[in-house]
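Breakdown of the fold
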2 protein chains.
Amino acid sequence: MGTPYYQFCPVAKAMELLDERWTMLVIREMLAGSQRFTELRRGLPRMSPALLSKRLRELSAAGLVTRTEDHGGTRYLLTPAGSELEPIVVALGGWAVRWIGELGDPDLDPKLLMWDLHRHVNRPELPGGRLVVSFAFSDVPPRQRYWWLVCNDGEVDVCDRDPGFEATIGVRTALRTLIKIWRGDLDWAQAARAGALTVDGSGEMHRLLPRLFLLPGGRWAQAPAPG
Amino acid sequence: MGTPYYQFCPVAKAMELLDERWTMLVIREMLAGSQRFTELRRGLPRMSPALLSKRLRELSAAGLVTRTEDHGGTRYLLTPAGSELEPIVVALGGWAVRWIGELGDPDLDPKLLMWDLHRHVNRPELPGGRLVVSFAFSDVPPRQRYWWLVCNDGEVDVCDRDPGFEATIGVRTALRTLIKIWRGDLDWAQAARAGALTVDGSGEMHRLLPRLFLLPGGRWAQAPAPG
DNA sequence: CAGGATCCGGTCTGATACTG
DNA sequence: CAGTATCAGACCGGATCCTG
């Protein structure tokens, strides 16, 4: 737990626990479905494993997270107390979308975007068989420019090297543009019309793309905005 | 601003700013109506003035707070961006009331309670003339045991020494009990019936007491609780 | 009233390596 | 896979005293 505030105000009690660096992001990851240490690390690549381990222990001591052993691994799950933070996390996101427009270049991490896209693939929309979506980001250095999502049988994998299969859909755009779409600032069609995004693939694939991901943009918009 | 997370996720962008220690409490104080440096200090007695000053500068740079000079003082006001954090602060309080029941003795600070009661006096219910409410906390060391609220013409002052006027209402209880009432865990009548609280004063004053303060308890209860 | 200056100590970062 | 170990350095927060 964080350093105490020595205040009985519930806001202070909540923040003693929640305002430590990384804590809310760990909870965000768990709300997004990550349960294993390694999954959490993928969503929090700049957090050291030592610190992640410490935060998980703190959250577990506070009763927001349970730790269970299961066939060869540890699984972390949110308790009801942890899950009830969801509307707050969503509201924080909504607030930031409204008031923190500017993203610096270092915030634009392609591997985080791909990791999040991978878990928002709209499974019911997937055609049978394999679907490969390739991404090429014009504004990213060559080493991190090319990415693939390989969907097969409801499984989705992220690759940062050519998986060998031909892409069913190719998306060429700036990382910044795709992040705008992810946030809900822009939609696929708007970006394409503006020439900021090009889709390669059959007409069917063109029509599929906007439905392929359940992006969080909608949730930020739902977040309570008073007035 | 805090150390960056280097994530484009709006939750991360929000927390870069908001998860620094004390920041949310400064915002809570401003939402509660504090505008001057000294008022803020009274609500945040354990925060050093240097740090408060720094936080106010950060919040101002981030566009959540404006600083204006006015007759012999500096006044801090929330911008729309800052004010829009209100539902989040309330939701955090509600969450903590539901999930962090235990308050340690060091959390029970009588001067914070008196400071907060003083700003929640229900002005319209005040009778004309002077009203003096005395408090005696059975579970607090003598030095901080006795407090008075002096209401006069819509002005309310907190005293930690006998103001000299005879008390119109006397409240004798444990600090812990009064804090439970403040949080909404208990109401005045319940506490009195249970023998945990004694009111001295006329019958009229007995009837006034439960309406004398607009306690935040109701707001925590309103806070969105999913499921 | 609204802070500035200073110093100390704790915490986080970041890198690397190791383990059951 | 799910961490622990270690270590240097940066940075932050706490405390105290001081000022226009």
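First, a word on what this report is: a plain description of the structure on this page. Note that the structure is predicted; figures quoted are calculated from it, not measured.

**Here's the deal with the nonpolar core**
- Grouped together as the largest cluster of nonpolar side chains are 139 residues, with contacts concentrated most on Phe135 of chain A together with Phe135 of chain B.
- No other element matches helix H6 (residues 86-99) of chain B, which puts 7 residues into this core.
- Those residues in contact with Phe135 of chain A, other than ones at most four positions away along the chain, are Met114, Leu117, Arg145, Tyr146, Trp147, Leu149, Val171, Leu178 and Phe213 of chain A.

**Some details on the interface of chain B and chain A**
- If you look at the interface, chain B gives 56 residues, while chain A gives 56 residues.
- The largest per-residue losses of area from chain B upon contact with chain A belong to Tyr6, Phe8 and Trp95 of chain B, which jointly make up 16% of the total buried on that side.
- Viewed at the interface, chain A and chain B are joined by 4 salt bridges.
- Among the salt bridges present, the one from Lys13 of chain A reaches Asp107 of chain B, with a minimum N-O distance of 2.6 Å.
- For the pair chain B and chain A, the interface holds 20 residue pairs in polar contact (both at pLDDT 80 or more).
- Top contributing element to the side of chain B that touches chain A by residue count: H6 of chain B, with 11 residues.
- Class assignment for the residues of the side of chain B that touches chain A results in 40 nonpolar, 4 polar and 12 charged.

**Structural notes on the protein's contact with DNA strand C**
- Neighbouring residues of DNA strand C: 18 residues in total, closest Arg21, Trp22, Leu51 and Lys54 of chain A together with Tyr76 of chain B.
- Counted by atom, the contact set of DNA strand C within 4 Å of the protein is 90% sugar and phosphate.
- Between a phosphate oxygen of DNA strand C and a main-chain N or O atom of Thr74 of chain B, the distance comes to 3.0 Å.
- Every element with two or more residues in the surface near DNA strand C is listed here: helix H4 (49-61) of chain A together with helix H3 (37-43), helix H4 (49-61) and strand E2 (73-78) of chain B.
- Ranked by residues supplied to the surface near DNA strand C, first place goes to H4 of chain B with 4 residues.

**Examining the protein's contact with DNA strand D**
- The local shell around DNA strand D holds 14 residues, among which Thr38, Ser53 and Tyr76 of chain A together with Arg21 and Arg55 of chain B are the closest.
- Near the protein, within 4 Å, the atoms of DNA strand D are sugar or phosphate in 97% of cases.
- One of the side-chain nitrogen or oxygen atoms of Arg36 of chain A is found 3.1 Å away from a phosphate oxygen of DNA strand D.
- The contact in question runs from a phosphate oxygen of DNA strand D to an N or O atom on the side chain of Arg55 of chain B, over 2.7 Å.
- Counting only elements with at least two residues in the surface near DNA strand D, the list comes to helix H3 (37-43), H4 and strand E2 (73-78) of chain A together with H4 of chain B.

About the criteria used
- Residues numbered from 1 in each chain as written.
- Chains lettered and ligands numbered in written order.
- Predicted model: local features only at pLDDT ≥ 70, side-chain atom pairs only at ≥ 80, totals over all residues.
- Heavy atoms only, no water.
- Core = buried A, V, L, I, M, F, W, Y, C linked by side-chain atoms within 4.5 Å.
- Buried < 20%, exposed > 50% of the residue type's maximum accessible area, 1.4 Å probe, protein only.
- Helix = DSSP H or I, 4+ residues; strand = E, 2+ residues; numbered from the N terminus.
- Contact = heavy atoms within 4.5 Å.
- Buried area = accessible area lost by both parts, 1.4 Å probe.
- Salt bridge = Lys/Arg side-chain N within 4 Å of Asp/Glu carboxyl O.
- Polar contact = N/O pair within 3.5 Å; in protein donor to acceptor, adjacent residues only side chain to side chain.
- Nonpolar A, V, L, I, M, F, W, Y, C, P; charged D, E, K, R; others polar.
- Near = heavy atom within 4 Å.

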